[in-house]
Amino acid sequence: MRAPGAGAASVASLVLLWLLGLPWTWSAAAALGVYVAGGGWRFLRIVCKTAKRDLFGLSVLIRVRLELRQHQRTRHTIPQIFQAVAQRHPERLALVDAGSGACWTFKQLDSYSNAVANLFLQLGFSPGDVVAIFMEGRPEFVGLWLGLAKAGVEAALLNVNLRREPLAFCLGTSGAKALVFGGELTAAVAEVTGQLGKSLLKFCSGDLGPEGVLPDTQFLDPLLKEASTAPPVPPPGKGMDGTTGLPKAAIIVHSRYYRIAAFGHHAYSMRAADVLYDCLPLYHSAGNIMGVGQCLIYGLTIVLRKKFSASRFWDDCVQYNCTVVQYIGEICRYLLKQPVREAESQHRVRLAVGNGLRPAIWEEFTERFRVAQIGEFYGATECNCSIANMDGKVGSCGFNSRILPHVYPIRLVKVNEDTMELLRDAQGLCIPCQTGEPGLLVGQINQQDPLRRFDGYISESATSKKIAHSVFCKGDSAYLSGDVLVMDELGYMYFRDRSGDTFRWRGENVSTTEVEGVLSRLLGQTDVAVYGVAVPGVEGKAGMAAIADPHGQLSPNVLYQELQKVLAPYARPIFLRLLPQVDTTGTFKIQKTRLQHEGFDPRQTSDRLFFLDLKQGHYLPLDQGVYTRICSGAFAL
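Model, not experiment: these values are computed from the prediction.

**Considerations on the overall build of the protein chain**
Right, so step 1: Regarding its fold elements, the protein chain presents 18 helices and 26 strands.
Right, so step 2: The buried share of the protein chain, taken over its 637 residues, is 55%.
Right, so step 3: In the protein chain, once contacts between residues fewer than 6 apart in sequence are set aside, the share between residues at least 24 apart is 68%.
Right, so step 4: Accessible surface, the protein chain: about 27,800 Å² in total, of which carbon and sulfur atoms supply 55%.

**Things to note about the packing of aromatic side chains**
Describing an aromatic ring pair means giving the distance of the ring centres and the angle of the ring planes.
Right, so step 1: Inspection of the entire model under this criterion finds 17 aromatic pairs.
Right, so step 2: Ring centres of F313 and W314 lie 5.0 Å apart, and the angle between their planes is 80°; on these two criteria the pair is classed as edge-to-face. The two residues F313 and W314 agree in class, both being buried.
Right, so step 3: Centre to centre, the rings of F365 and F369 are 5.0 Å apart; their planes meet at 65°, and the pair counts as edge-to-face. In this pair, F365 and F369 both sit in helix α13 (residues 362–369), four residues apart, roughly one turn of the helix.
Right, so step 4: Taking relative accessible area as the criterion, F365 reaches 2% and is therefore assigned buried.
Right, so step 5: By relative accessible area, which is 0% here, F369 ends up buried.
Right, so step 6: Feature note: the residues Y277, F308, F313, W314, Y334, F365 and F369 constitute an aromatic cluster, connected by ring pairs.
Right, so step 7: In this structure, R53 packs its charged tip against the face of Y492, placed 4.5 Å from the ring centre.
Right, so step 8: Residue placement shows K393 over the ring face of Y492; its charged tip is 5.4 Å from the ring centre.

**Notes on the sheet that holds strand β25 (residues 608–613)**
Right, so step 1: Spatially, the five strands line up as an open sheet ordered β22-β23-β24-β25-β26, and their pairing is mixed. The open sheet has two edge strands, β22 (528–533) and β26 (618–621), and neither has a second partner. The average angle at which neighbouring strand axes cross in this sheet is 25°, direction not considered.
Right, so step 2: Two elements, β22 and strand β23 (residues 542–548), share six bridges in a ladder whose sense is antiparallel. In the strand pairing of β23, Y531 is matched with M544.
Right, so step 3: Against the sheet, helix α15 (residues 512–522) contacts β22 and β23, and its axis sits at roughly 140° relative to β22.

**Topic: the nonpolar core**
Right, so step 1: Judged by nonpolar contacts, the single largest core of 112 residues is most densely connected at L95, L109, F120, I133, F134, L179 and L296.
Right, so step 2: It is helix α4 (residues 106–122) that contributes the most residues to this core, eight residues altogether.
Right, so step 3: Once residues lying within four places of it in the same chain are set aside, the contact partners of L179 are A132, F134, L158, L171, V189, L200, L201, K202 and F203.
Right, so step 4: Counting residues in each nonpolar core, the second largest holds 44 residues, with F503, A546, F575 and L612 among its members.

Scoring rules and cut-offs
- Residues numbered from 1 in each chain as written.
- Predicted model: local features only at pLDDT ≥ 70, side-chain atom pairs only at ≥ 80, totals over all residues.
- Heavy atoms only, no water.
- Helix = DSSP H or I, 4+ residues; strand = E, 2+ residues; numbered from the N terminus.
- Buried < 20%, exposed > 50% of the residue type's maximum accessible area, 1.4 Å probe, protein only.
- Contact = heavy atoms within 4.5 Å.
- Areas by Shrake-Rupley, 256 points an atom, 1.4 Å probe, with all protein chains shown as cover.
- Phe/Tyr/Trp six-rings, centres within 6.5 Å; stacked < 30°, edge-to-face > 60°.
- Lys NZ or Arg CZ within 6 Å of the ring centre and 35° of its normal.
- Pairing = 2+ DSSP bridges.
- Axes fitted to C-alpha atoms, helices over the stretch in contact; angles between N-to-C directions.
- Core = buried A, V, L, I, M, F, W, Y, C linked by side-chain atoms within 4.5 Å.

This is how it looks when you write it as structure tokens:
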């Protein structure tokens, strides 16, 4: 990019002209002319277009690093940082429950969390012990894990959608000595009570469900009323290098919690007067760190809603004067599906922060809802290569500087498209991708740098799978994101696929993300899952699309007429599955595992299946006879 030949020639010409006795201004002008003529104009163009963006990004990086170093020197933890915020603004609203209307000031949140800490210390819990929290998002959830962190106790945050065996397994592997569950989840706990160890203490917070009192369960609320609200004696710890009490599967130290929240705060110029609407699950880092972290570290008011509601979203924003909203997964698409309502034009929201906004609906979302800035970012809870879109570039999830690429050592590297195995050069190093070339995002690891460290997972084997060696240089270590991105000439990065979300068909790579976006847009933002399925005797995987069609109104062949206009032949789904609804996770990501396993076999499902007969140019209903002919090779694919 830097046109090294042009640079060397310009330096040589500068020296030569200076030796000939010409004025330095003439020499500099001549050298610049040689540089530009030799191809250096490309670099100058990039400098002109990206300097403002890169300088702002650098200022954010420096600011976060300085704040982190200050807290490391003073050995401050997240609870101690919160304590200072609460003392400065005791009567400011900290948390609002949009469901119940309950409002908690910083003083109330501080007192509640102190009571939690003192209670569990009194019960004999000590630093390093684990308590599982199984509760829907509400102020008590925040107060519980914050209080446990004040006592040095780690909180294992359980997905509220877990039931039966998965719930029992997660509780067992967390090593929890106690379980605190919300009364709304009493039935789920009752299903696994027999599988839990007798030594596990159980506490119920809030009103009980219709199941009534569970055996060996204590009511938490009365115990907290009796507990002291005085600040607990802080346990001996490691400051910013200690765990936050948010391990889940990934280990999160205080510095990582701070880093995620601080980057979001500074990258998107949030202010203490902002009111942030957080309808994401609090067991997830987006809701609990990027969202609630703004309250604990910077004193923002957070409006919580335990479950996302597309019909209530803008009404809540108007009611509580929200200025920032969070999204994840398919939330923006669900909002676009809603009929136009008055609240859309009455809100004060200027910023939407999150990840997973499809490029195909980006501009439609900003124009319809009049949101001035989209703060799309990329980064898993545990990763060291997070990036952020700080200037609103449509479709981009972030950038890396082309001017100073080594300031933040991340890179896209080439991989085997089928196995995701790293490709290496003759020296054994990973091969950097060129502009426009998709590759795996990696981040160089430095355990002494809080911005570049990788703390891994509870499982050591899971941790080792995410680390590669000799990536940037001999002997180094790098975190493997598992995600494929592509970078343009200005350094903007665009999410392409998660590993496993690309399949090969007719010698071409098909991006499930791109095909899902096209189908969903054609069908009015309907839920769609696209995946590859193996066909006997056929190389690669054929595309299959599972489409939500609850009323049975979708016409496959009308859809195919539209697909021919917008998708390349190899990307058009060979199989369709029309079903009442597409399964999603608690964070609104489409689930495909079961669908992929069932494939296109009509014996595996009662959903309507269709097969694209290329000779006839339309979809055929896929029954057992058609299935047998496909498997025998009677149909040309």
